[in-house]
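Read off the chains here:
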Amino acid sequence: MNERTLFPLIDKLARCHQLTEAEYAQLIRFRTPETAARLAALARTAREAVYGTEVYTRGLIEVSNFCRNDCYYCGIRRSNQNCDRYRLSDEDILACCAEGYRLGFRTFVLQGGEDGAFSVPRVCRLLRAIKSDYPDCAVTLSLGEMARADYQALYNAGADRYLLRHETADPDHYAALHPAALSFDHRIQCLRDLKDIGYQVGCGFLVGSPGQTPELLAKDLKFVEEFQPAMCGIGPFIPQQDTPFRDEAPGTAELTVYLLSILRLIQPNLLLPVTTALGTIQPNGRELGLAAGANVVMPNLSPLSVRKKYALYDGKICTGEEGAQCVGCLQGRVVSVGYTLVSSRGDIRTI
């Protein structure tokens, strides 16, 4: 099979926004630079038809690297004794928001491990404070799995969006990446609860995680196609030295960017970020992702003193241009591929 065989599949995807799992697997298994270029060109057209040349910014605040879970790929897993733990205070978080607002950010993302210190009442208080101070801003939460009633309480307190990567859409592969205490079915139910409540919901998956095949990635793409999230965050798997997967091969920027294009064609109005992991594994990875269909960047608003401590994987870029304070540097990266940063909540657009 060569690129000429795949071109009709790519055109079908651009036209119909869906393929079979077998067809998605073919697109991945037999990809070439030519198929990547065709996908990227069509993805750019699709994203510009919905979002023009705008790129949305999210101010990322990593509130805690304590986590009750022990996921095999994650550097802040509970059993990692070498992790330098921290928790931001409410005052720290609100100061990050104040700095972000001054810099032009209109979405704040509160992300952390599943840390009991960030109880639902506490996060509700934070949400109400942020919304009171910045009523024109959106707040995204990424704090893991909760009961539906807790998600509802957070939504009622002002949360607009929730990010919860499903990591993989295959139950057996999920079991290979997580301890038995974590349930694939519960993860998916959380996503369904969030969508039903009314959140703009983000799912996502690791690219190149141990044991992953084109067929497993095809399941992820089919899940996104059927679930129709508001956002989808993908990034390359990067091993972390204090995890069971320390010696596994990393994912690649090439495949991640390829999948960004496919996701854009599956859902043209998807909010599709280029992740820090993509910029970590390849210096111009975020530019490549934007040129291939992505439309969101998430620079770091966390205090500089803790950025290196939120070490989900090794080598994370933690200072300089990825920081929210260097908006001019980030604007230059975005402009270099023909787009522009905007100061906006950046909600999903209906089509």
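Whatever comes next refers back to the structure up there.
A brief report on the enclosed structure follows. (Residues numbered from 1 in each chain as written. Predicted model: local features only at pLDDT ≥ 70, side-chain atom pairs only at ≥ 80, totals over all residues. Heavy atoms only, no water.)

1. So, the overall build of the protein chain
Working step 1: Of regular secondary structure, the protein chain possesses 14 helices and ten strands.
Working step 2: Here the protein chain has a C-alpha radius of gyration of 19 Å; the compact-globule value for 351 residues is 20 Å, and the two agree.
Working step 3: Seen through its C-alpha atoms, the protein chain measures out along the principal axes to roughly 55 × 45 × 40 Å.
Working step 4: Classification of the 351 residues of the protein chain by burial places 59% in the buried group.
Working step 5: By element, 52% of the accessible surface of the protein chain is carried by carbon and sulfur atoms, the whole surface being about 13400 Å².
Working step 6: For the protein chain, the distance from the average site of its 38 positive side-chain charges to the average site of its 40 negative ones is 3 Å. (Helix = DSSP H or I, 4+ residues; strand = E, 2+ residues; numbered from the N terminus. Rg over C-alpha atoms; globule rule 2.2 N^0.38 Å. Buried < 20%, exposed > 50% of the residue type's maximum accessible area, 1.4 Å probe, protein only. Areas by Shrake-Rupley, 256 points an atom, 1.4 Å probe, with all protein chains shown as cover. Lys, Arg positive; Asp, Glu negative; His and termini not counted. Charge placed at Lys NZ, Arg CZ, Asp CG, Glu CD.)

2. A short note on the environment of Lys-219
Working step 1: For Lys-219, the location among the structural elements is in helix H9 (residues 214-227).
Working step 2: Exposure remark for Lys-219: the relative accessible area of 29% places this residue in the partly exposed category.
Working step 3: For Lys-219 and Thr-168, which are 51 residues apart along the polypeptide, the C-alpha to C-alpha distance reads 8.0 Å.
Working step 4: In this view, Lys-219 contacts Glu-21, Ala-169 and Asp-170; residues no more than four positions away in its chain are not counted. (Contact = heavy atoms within 4.5 Å.)

3. Side note on the environment of Val-335
Working step 1: Tracing the sequence through the fold places Val-335 in helix H14 (residues 327-335).
Working step 2: C-alpha separation for the pair Val-335 and Thr-53, spaced 282 residues apart in sequence, amounts to 9.6 Å.

4. A look at the side chain of Thr-168
Working step 1: Summarising the element assignment, Thr-168 is placed in the loop between strand E5 (161-163) and helix H7 (171-177).
Working step 2: A polar side-chain atom of Thr-168 sits 3.0 Å from a polar atom in the side chain of His-173. (Polar contact = N/O pair within 3.5 Å; in protein donor to acceptor, adjacent residues only side chain to side chain.)

5. A word on the sheet that holds strand E6 (residues 200-207)
Working step 1: Read from one edge of the open sheet, six strands run E2-E3-E4-E5-E6-E7, paired in parallel fashion. Each edge of the open sheet carries a strand with a single partner, namely strand E2 (59-64) and strand E7 (231-236). Geometrically, the sheet is characterised by an average inter-axis angle of 20° between neighbouring strands, direction not taken into account.
Working step 2: Looking at chain direction, E2 and strand E3 (residues 107-112) are connected through five bridges and run parallel. By the bridge assignment for E3, Leu-60 is matched with Val-109.
Working step 3: Strand contacts of helix H8 (residues 184-197): E5 and E6, with the helix running at about 155° to E6, the strand carrying the most contacts. (Pairing = 2+ DSSP bridges. Axes fitted to C-alpha atoms, helices over the stretch in contact; angles between N-to-C directions.)

6. Focus on empty space enclosed by the protein
Working step 1: Applying the stated criterion across every chain yields a total of two cavities of 30 Å³ or more.
Working step 2: Lining the second largest cavity we find Val-274, Arg-286, Glu-287, Leu-290, Val-297, Leu-330, Arg-333 and Val-334.
Working step 3: Elements with a minimum of two residues in the lining of the second largest cavity: helix H12 (285-291) and H14.
Working step 4: Residues of the lining of the second largest cavity, tallied by class, amount to five nonpolar, no polar and three charged. (1 Å grid on protein atoms, 1.4 Å probe; cavity = no way out; pocket = protein on both sides within 12 Å on 5 of 7 lines; lining within 4 Å. Points joined across faces, edges and corners; volume = space filled by probe spheres on them. Nonpolar A, V, L, I, M, F, W, Y, C, P; charged D, E, K, R; others polar.)

7. Observations concerning the pairing of E7
Working step 1: Among the six residues that make up E7, six are buried, leaving the element largely enclosed by the rest of the structure.
Working step 2: Because side chains alternate across E7, one face comprises the buried residues Met-231, Gly-233 and Gly-235, and the other comprises Cys-232, Ile-234 and Pro-236, equally buried.
Working step 3: As paired elements, E6 and E7 share six bridges and run parallel to each other. If you follow Leu-206 over to E7, its bridge partner there is Gly-235.
Working step 4: Regarding the hand of the β-α-β motif, the stretch spanning E6, H9 and E7 is right-handed. (Right-handed = clockwise from strand over helix to strand, strands pointing away.)

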